[in-house]
Amino acid sequence: ELNNSTGAIVRQVTLDPGYQFPTKVIELKKTKNGILVLRQNGISVVVEKYNLQKVLQWSSTFSKDFVLLGDKICENKSGEILIAARTTDYILLPPYYGEDVAIENYYFRLDSAGNTLSELTTTGATNSFKGLRLTCSDDDFLYFQLTSSGIVGRKITPSGVSPELY
């Protein structure tokens, strides 16, 4: 609530589901037939597909036993969607401001209607941190991630996730 004459904040209310687990948009991606939205919803990750008129077509929610943090989203030329996410130890998130080290990395592959085709997992044993970039080719995806030893890349195909490439 703002003061009408000064513009100063009179009252502020947080609409997040919790202080430590905020809700926010992580990434927006324009596709050939719409918009993909990747967002954090508390301890879960949500992906939404909107058509070009900005009407919601579908929504999918992903959760794990720990906090699941969304990183990146991408759609390849055949219309498949990949979501890169990671679980982390919740004590490392704000308000503690420690390093955000992944316990496990997850790759959710969806069809163009939002149905889950596969879920792949790699451990975060190499001290993996937040994803940097997810690129798409015709059928495969390449995911780059910052680690304590530098930047690593993994190729994600329908048959699995490659070892660290770089």
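What counts, and where the lines are drawn
- Sequence order as written defines the numbering, with residues in each chain counted from 1.
- For this predicted model, a pLDDT threshold of at least 70 governs which residues receive local features, and a threshold of 80 or more governs which side-chain atom pairs are given and counted, while totals over whole chains, interfaces and linings are taken from all residues.
- As a convention, hydrogens and water are excluded, and side-chain values are obtained from all of the structure's heavy atoms.
- Each helix corresponds to a stretch of at least 4 residues labelled H or I by DSSP, and each strand to a stretch of at least 2 residues labelled E; elements are numbered beginning at the N terminus.
- Categorising residues by exposure relies on relative accessible area from a 1.4 Å probe, with only protein chains included: less than 20% of the type maximum marks a residue as buried, more than 50% marks it as exposed, and the intermediate range marks it as partly exposed.
- Any two residues whose heavy atoms approach within 4.5 Å at even a single point are treated as in contact.
- Salt-bridge detection follows one rule: a side-chain nitrogen of Lys or Arg within 4 Å of a carboxyl oxygen of Asp or Glu.
- On a scale of 0 to 100, pLDDT captures the predictor's confidence in every residue.

(A) Quick look at the side chain of S44. The topology assignment puts S44 in strand β3 (residues 44–50). For S44, a relative accessible area of 12% puts it in the buried group. When residues no more than four places from it in sequence are discounted, the contact partners of S44 are R39, T61, F62, S63 and L68.

(B) Summary view of the environment of F62. Tracing the chain through its elements places F62 in strand β4 (residues 56–62). Counting along the chain gives 19 residues from F62 to I43, while the straight-line C-alpha distance between them is 9.3 Å. Sequence-distant contacts of F62, defined by excluding residues within four places in its chain, comprise S44, V45, V47, L68, I83, F108, L110 and T116.

(C) Just the pattern of salt bridges, in detail. Enumeration according to the criterion identifies 6 salt bridges in this entry. Of the charged contacts, one joins K29 and E27 as a salt bridge, the two residues approaching to 3.7 Å between their closest N and O atoms. Of the residues examined, K29 reaches a relative accessible area of 27% and is grouped as partly exposed. Where D71 meets R86, a salt bridge forms, and the shortest distance between an N and an O atom there is 2.3 Å. In this pair, D71 is assigned in strand β5 (residues 67–75) and R86 in strand β6 (residues 81–88), connecting sequence segments 15 residues apart. Classification of D71 as buried rests on a relative accessible area of 1%. On the accessibility criterion, R86 (3% relative accessible area) is buried.

(D) Focus on the confidence of the model for the protein chain. Looking at the protein chain as a whole, its pLDDT mean stands at 76, while 64% of the residues score no less than 70. The weakest mean pLDDT in the protein chain belongs to strand β9 (residues 128–136) at 60; the strongest belongs to β4 at 95.

(E) A look at the environment of N3. Tracing the backbone through its elements, the reader meets N3 in the segment before β1 (23–31). A residue is classified by how much of its surface remains accessible, and N3, at 30% relative accessible area, is partly exposed.

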